[in-house]
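Listed below, chain by chain, are the residues.
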There are 2 protein chains.
Amino acid sequence: MDSGVTLAFDVMGGDAGPEEVVRGAAALTLEKSDVSVVLVGDGAAIDASLGKVRHQAERISVHHAPDWVRPGEKPGPALEERPSASILVAAKLVAGGEAHALVSAGNTGAGVLACARHFQLLPGVRRAALAAVYPTHRLHGEKQDPFSLILDVGATVGVTAEDLVGFAVMGSAYSRIISRNPSPRVALLSNGTEPQKGPPEVVAAHQLLRALPGIQFVGNVEGVDIPRGTADVVVCDGFVGNVSLKMLEGISETVMELARYAYKEKVLWRAGLAMLSSGIKRLKDLTDWEQYGGAPVLGFDRLFIKAHGRSRAHAISNAGKVAARAVRHDLAGVIQAGLKA
Amino acid sequence: MDSGVTLAFDVMGGDAGPEEVVRGAAALTLEKSDVSVVLVGDGAAIDASLGKVRHQAERISVHHAPDWVRPGEKPGPALEERPSASILVAAKLVAGGEAHALVSAGNTGAGVLACARHFQLLPGVRRAALAAVYPTHRLHGEKQDPFSLILDVGATVGVTAEDLVGFAVMGSAYSRIISRNPSPRVALLSNGTEPQKGPPEVVAAHQLLRALPGIQFVGNVEGVDIPRGTADVVVCDGFVGNVSLKMLEGISETVMELARYAYKEKVLWRAGLAMLSSGIKRLKDLTDWEQYGGAPVLGFDRLFIKAHGRSRAHAISNAGKVAARAVRHDLAGVIQAGLKA
């Protein structure tokens with residue numbers, strides 16, 4: 001690899017098929033002159049897709065992988081059965097230094113598991129976290145992002161106070177680099193703002209975070225603060241984070257149905273709802289967190305960006321830009337420095 | 001007590017002052033000929049309030065309590081300092097058999113603590129739960145309620161599988177009696193619908209609930225299912241429940257702000273939002289779960305209904321009706337029978 005950034009794209013497993021991933025990666029090579037891509041998946045399908053789009057051929061290579069994991073499959077058995085699955089092959093390429101970071105729109109669990117098998121946890125990190133970007137009322141950072149970060153939203157259960165501190169450091173580093181937020185406000189999710197509120201690991205993490213330099217810890221936040229965007233980074237265990245994120249995803253759908261239920265008799269309200277209907281559709285996309293740059297898996301020596309399964313070329317290209325920016329700014333190094341403190 | 005129902009109202013601590021609680025209780029004596037009330041709090045204030053409203057004097061008694069717990073106070077120290085606080089006096093009256101159930105619009109923590117001190121846990125119940133009613137898309141039960149029940153939403157942490165099973169039994173009994181839902185759909189909140197998803201206590205509770213007769217257990221639900229109303233009763237530990245409920249409370253506020261942010265440039269959308277604005281205000285009330293009959297504390301031999309701090313007379317009266325119905329239908333007995341199974 002030269003001084004540029006090389007990204008490995010798992011082109012299989014997205015809902016829109018390999019062509020959208022190839023198109024997104026191809027567009028990235030045209031737009032970013034320092035980014036090279038390795039396309040991992042069915043070689044014939046990749047070549048056919050490349051033949052249809054403009055791209056910088058000298059910064060694209062193709063790595064054939066004969067197999068892949070389907071969206072609904074159980075990750076563990078699927079990876080056992082198919083050692084040549086594209087996500088495993090791509091993770092191995094990144095681990096071996098042939099690319100700096102991994103992007104996939106495929107099966108989330110398989111992606112996380114492939115990283116766990118081939119990447120190394122950073123020193124001081126006991127477990128990696130799946131982070132998610134979600135829209136908020138308040139704007140954040142230099143870019144005035146209407147997004148906050150929440151982690152972990154994965155399937156991890158039984159976190160320790162130290163795990164939560166690790167999530168805080170990782171989330172803060174990611175927010176600094178990706179949202180260009182020089183001093184992200186980091187909060188612990190709890191059932192009250194008082195330091196003694198919450199399960200023992202949350203209470204202990206609160207004390208540790210108060211004493212930690214290099215992090216702007218703003219204390220505990222409550223459920224209502226998540227959509228408000230009170231904090232730039234919300235830290236919690238994967239179970240609570242997953243439940244919360246899925247509630248956010250359901251917000252617009254439910255509020256609008258509720259509005260219809262409550263006000264069906266009112267003509268003026270009905271007219272208002274009708275006028276809003278196309279807006280509501282976009283609002284649904286806005287609350288669909290995975291659309292925005294993808295969900296990073298943090299804590300490994302290499303970065304994995306999980307793009308939404310429904311990603312089209314533009315979203316794939318965005319996920320690649322986020323990954324490239326994280327590599328250029330040495331996200332792993334920033335996290336390590338934060339953990340040492 | 002005769003064959004009717006007697007309710008103890010803690011008249012102190014609501015945001016609107018003792019007068020609203022007295023008015024609500026007074027209205028109840030006019031509307032329900034089998035309900036008597038004991039008004040607990042500042043005797044002079046109660047008498048002054050009663051002097052201003054119609055009421056059935058023969059079914060109202062006043063029990064003076066010289067002290068009370070303020071809304072924002074820490075419950076433990078407040079109750080230590082003030083053994084004659086109205087909530088403690090009222091709980092003692094109920095425990096002593098002078099009333100069947102307790103209603104309060106005051107400090108939630110103080111109410112739960114007062115019950116814990118004076119009421120008995122039902123046999124087989126290791127811990128009580130604070131349940132909450134919240135609005136959903138789907139309608140429930142014979143009354144076609146647009147509400148589901150979620151419990152625990154209190155401050156309990158570290159539940160066991162058996163605690164979760166207890167919550168399921170208690171929530172199912174409450175839904176049968178209060179929502180007149182003959183066979184409530186009971187679900188466990190988890191990070192996936194598969195039985196093996198979630199923390200160990202959730203996985204174990206799933207197996208126990210599958211084998212439990214008398215409950216319609218529909219398996220695990222995810223965060224997105226809470227606002228959808230997929231289940232009539234959602235069971236979880238108090239930490240996750242509290243975070244989820246507070247997110248629901250913030251829903252309407254945030255969605256509308258998001259809509260403004262996303263579509264501020266579109267005149268048509270703005271017009272639609274303007275038309276909806278009064279509706280949005282009502283929607284906020286609709287998502288304010290504590291307004292609807294109050295939040296029951298379940299698991300004790302006596303029922304405590306926590307009405308919202310902002311309750312006006314009408315809401316207090318509704319909370320009283322819910323409490324009276326629970327007493328008439330022997331909620332505690334139904335829960336006990338369910339726990340034996």
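Just so we're clear, the structure is a prediction, and the values are computed from it rather than from any experiment.

### Focus: the domain arrangement of chain A
Residues and elements named next belong to chain A.
Okay, step 1: Here the domain parsing of chain A yields domain 1 (5-125 + 299-330) and domain 2 (129-252).
Okay, step 2: Its C-alpha centre places domain 1 at a distance of 27 Å from the equivalent point of domain 2.
Okay, step 3: If you look at the interface, domain 1 gives seven residues, while domain 2 gives seven residues.
Okay, step 4: Sort the elements by how many residues they give to the side of domain 1 that touches domain 2 and helix 11 (residues 313-328) lands first, with three residues.
Okay, step 5: The residue inventory of the side of domain 1 that touches domain 2, partitioned by class, reads four nonpolar, two polar and one charged.

### Digging into the nonpolar core
Okay, step 1: In this structure, V235 of chain A together with V235 of chain B are the most contacted members of the largest nonpolar core, which totals 214 residues.
Okay, step 2: Discounting chain neighbours no more than four positions away, the residues touching V235 of chain A are L151, L164, F167, A168, G171, V186, A187, L188 and L189 of chain A.

### Regarding unusual backbone geometry
Okay, step 1: Cis geometry marks the peptide bond from L151 of chain A to D152 of chain A, where omega comes out at -5°.
Okay, step 2: Within the fold, D152 of chain A resides in the loop between strand 6 (145-151) and helix 6 (161-178).
Okay, step 3: Its identity is not glycine, yet R180 of chain B carries a phi of approximately 50°, on the positive side.
Okay, step 4: In this fold, R180 of chain B is placed in the loop between helix 6 (161-178) and strand 7 (185-189).
Okay, step 5: Using a count of 15 C-beta atoms within 10 Å as the deciding quantity, one classes R180 of chain B as partly exposed.

### Side note on helix 6 of chain A
It helps to recall that an α-helix has 3.6 residues per turn; residues three or four apart then point in one direction.
Residue and element names in this part refer to chain A.
Okay, step 1: Taking 1.5 Å per residue, 18 residues should reach 26 Å; helix 6 reaches 26 Å between its end C-alpha atoms and fits that length.
Okay, step 2: The buried fraction of helix 6 is high, at 15 of 18 residues.
Okay, step 3: Looking one or two residues past helix 6, R180 carries a phi angle of roughly 50°, positive in sign.

### Focus on the pairing of strand 8 (residues 216-221) of chain A
The two faces of a sheet get side chains in turn, since along a regular strand they alternate between them.
Residues and elements named next belong to chain A.
Okay, step 1: Strand direction decides the pairing type here: strand 7 (residues 185-189) and strand 8, joined by four bridges, are parallel. Residue pairing for strand 8: V186 is matched across the bridge by F217.
Okay, step 2: Crossover strand 7 to strand 8 through helix 7 (residues 200-210) is right-handed.

### A short note on helix 11 (residues 313-328) of chain B
Okay, step 1: If you check helix 11 of chain B, its first and last C-alpha atoms are 22 Å apart, about what 16 residues at 1.5 Å a residue would give, namely 22 Å.
Okay, step 2: At the exit of helix 11 of chain B stands D330 of chain B, carrying a positive phi of roughly 50°.

### Re the environment of D15 of chain B
All names here are of chain B.
Okay, step 1: Tracing the chain through its elements places D15 in the loop between strand 1 (5-10) and helix 1 (18-31).
Okay, step 2: For D15, a count of 13 C-beta atoms within 10 Å translates into the label partly exposed.
Okay, step 3: In sequence terms D15 and G198 are 183 residues apart; their C-alpha atoms lie 39 Å from each other.
Okay, step 4: Filtering out sequence-adjacent residues up to four positions away, D15 remains in contact with P71, G309 and R310.

### Some remarks on the environment of P227 of chain B
Okay, step 1: In this structure, P227 of chain B sits in helix 8 (residues 225-228).
Okay, step 2: When the C-alpha positions of P227 of chain B and I316 of chain B are compared, they lie 26 Å apart, and in sequence the two are 89 residues distant.

### Describing the confidence of the model for chain A
Okay, step 1: Averaged over every residue, the pLDDT of chain A is 87; residues scoring 70 or more account for 82%.
Okay, step 2: This prediction of the complex comes with two scores: 0.85 for pTM and 0.80 for ipTM.

Conventions adopted
- Residues numbered from 1 in each chain as written.
- Chains lettered and ligands numbered in written order.
- Predicted model: local features only at pLDDT ≥ 70, side-chain atom pairs only at ≥ 80, totals over all residues.
- Domains from an automatic or database assignment.
- Contact = placed C-beta atoms within 7 Å.
- Helix = DSSP H or I, 4+ residues; strand = E, 2+ residues; numbered from the N terminus.
- Nonpolar A, V, L, I, M, F, W, Y, C, P; charged D, E, K, R; others polar.
- Core = buried A, V, L, I, M, F, W, Y, C linked by C-beta atoms within 7 Å.
- Buried ≥ 20, exposed ≤ 12 C-beta atoms within 10 Å, placed from the backbone.
- Expected span 1.5 Å × (residues − 1).
- Pairing = 2+ DSSP bridges.
- Right-handed = clockwise from strand over helix to strand, strands pointing away.
- pLDDT = per-residue confidence, 0-100.

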